[in-house]
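Chain and residue survey
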Amino acid sequence: MQRWKLTVEYDGRPFVGWQRQDNGPSVQQSLEEAVQRLSGEVVRVHGSGRTDAGVHALGQVCHFDLEKPFTGLKLRDALNFHLKPAPIAVLEVEAVGEDFHARLTSTGRAYVYRIVNRRAPLALDAGRAWHVTRPLDAEAMHAAAQFLVGQHDFSSFRAALCQAKSPVKTLDRLAVERQGEEVRVHAAARSFLHHQVRNMVGTLELVGAGKWKPDDVRLALEARDRGKAGPTCPPDGLYFMAARY
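Residues numbered from 1 in each chain as written. Predicted model: local features only at pLDDT ≥ 70, side-chain atom pairs only at ≥ 80, totals over all residues. Heavy atoms only, no water.

1. Considering the overall build of the protein chain
- Within the protein chain, the regular secondary structure consists of five helices and ten strands.
- What you see for the protein chain is a C-alpha radius of gyration of 19 Å, in line with the 18 Å of a compact globule of 245 residues.
- For the protein chain, the spread of C-alpha atoms along the principal axes amounts to about 60 × 40 × 30 Å.
- Here the protein chain holds 245 residues, and 51% of them are scored as buried.
- Sequence separation of at least 24 residues holds for 70% of the intrachain contacts in the protein chain that already meet a minimum separation of 6.
- Total accessible area on the protein chain stands at roughly 11,800 Å², and carbon and sulfur atoms take up 50% of it. (Helix = DSSP H or I, 4+ residues; strand = E, 2+ residues; numbered from the N terminus. Rg over C-alpha atoms; globule rule 2.2 N^0.38 Å. Buried < 20%, exposed > 50% of the residue type's maximum accessible area, 1.4 Å probe, protein only. Contact = heavy atoms within 4.5 Å. Areas by Shrake-Rupley, 256 points an atom, 1.4 Å probe, with all protein chains shown as cover.)

2. Here we look at the packing of aromatic side chains
- Within this structure, the stated rule accounts for five aromatic pairs.
- Ring centres of F154 and F157 lie 6.3 Å apart, and the angle between their planes is 65°; on these two criteria the pair is classed as edge-to-face. With respect to burial, F154 and F157 carry one shared label: buried.
- A connected cluster of aromatic rings, assembled from ring pairs, spans Y111, F192 and F240. (Phe/Tyr/Trp six-rings, centres within 6.5 Å; stacked < 30°, edge-to-face > 60°.)

3. Structural notes on helix α2 (residues 72-83)
- In this model, α2 (twelve residues) spans 16 Å end to end at C-alpha, consistent with the 16 Å of a helix rising 1.5 Å per residue.
- If you check which residues of α2 are buried, you get L75, A78, L79 and L83. Down the axis of α2, the buried set is contained in an arc of 130°. They therefore lie on one face. Exposed side chains of α2 directed beyond 90 degrees from the buried face belong to L73, K74 and F81.
- Elements that come into contact with the buried residues of α2 comprise β1 (2-10), α1 (27-39), β3 (56-66) and β4 (88-96). (Expected span 1.5 Å × (residues − 1). Arc of directions from axis to C-beta.)

4. Observations concerning the environment of A34
- Topologically, A34 is positioned in helix α1.
- Beyond its immediate stretch of four places on either side in the chain, A34 contacts L79, H82 and L83.

5. Some words on the pattern of salt bridges
- All told, the structure shown has 15 salt bridges when counted by the stated rule.
- Salt-bridge contacts for R3 lead to D65; the nearest nitrogen and oxygen are separated by 2.7 Å. With R3 in strand β1 and D65 in strand β3, this residue pair connects regions lying 62 residues apart in the sequence.
- Note that R114 is salt-bridged to D125, the shortest N-O span being 3.0 Å. (Salt bridge = Lys/Arg side-chain N within 4 Å of Asp/Glu carboxyl O.)

6. Regarding the UniProt feature "domain: Pseudouridine synthase I TruA alpha/beta" (unreviewed entry) in the protein chain
- Feature annotation in UniProt assigns "domain: Pseudouridine synthase I TruA alpha/beta" (unreviewed entry) to the following positions: residues 8-103 and 144-245.
- Split by type, residues 8-103 is 26% helix and 26% strand. Its first and last C-alpha atoms lie 14 Å apart.
- For residues 144-245, helix accounts for 25% and strand for 30%, while the C-alpha atoms at its two ends are 29 Å apart. (UniProt positions renumbered as here; feature names shortened; annotations may be inferred.)

7. A closer look at the side chain of H186
- Its place among the elements puts H186 in strand β9 (residues 182-189).
- A polar contact of 2.9 Å, which involves the side chain of H186, links it to the side chain of E177.
- Filtering out sequence-adjacent residues up to four positions away, H186 remains in contact with Y111, V112, R173, L174, A175 and E177. (Polar contact = N/O pair within 3.5 Å; in protein donor to acceptor, adjacent residues only side chain to side chain.)

Below, the structure written as structure tokens:
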């Protein structure tokens, strides 16, 4: 039995999310079925993070155990063949020991949220970025974001259905930068609450638009009340970038 670590990218639009669900196709299901088609084995694919419906990944990490012998390159190419036509690509495959676990041994996760800030509609990035037409002040958004860095009770940015035992998380990085028409929000932490990144970005957008002042984000955080923070932004612009081990 060999444990394999995969690095995967995918377009989240056709999926109900990473995790298997009864209401539609998932990334996890697509990978498990691809493994079964190429090996005849029924496996469980464990991901480093559970992305929601419509959320994309450039560096999702997952693992599974396989009895049939493969080389890494052959396994990668075979999986990519059997994944067609799903918009999923296996980028890297690595043989690892049984002590590796994509979720349990991860020491950090990183996301990027893309906002295209312009009046013109999105021709190429529709479904792959949040289209915001009103002007955004990225510097004000970055200043506001710094109130959220560190260890806090993030109840104000937590989804009602979040299953985490505690709302306390340590946010290692939350940075906002502008690159031409695009505003990018970079977030890194050991782990995140359900919808935490999307709720933080939805709040920062209010600051960028001038509706909130940066200090209003601090007040929302301290309120520990979801109703005091900004809206949940769409999944379109969120990308799982990497998991750290």
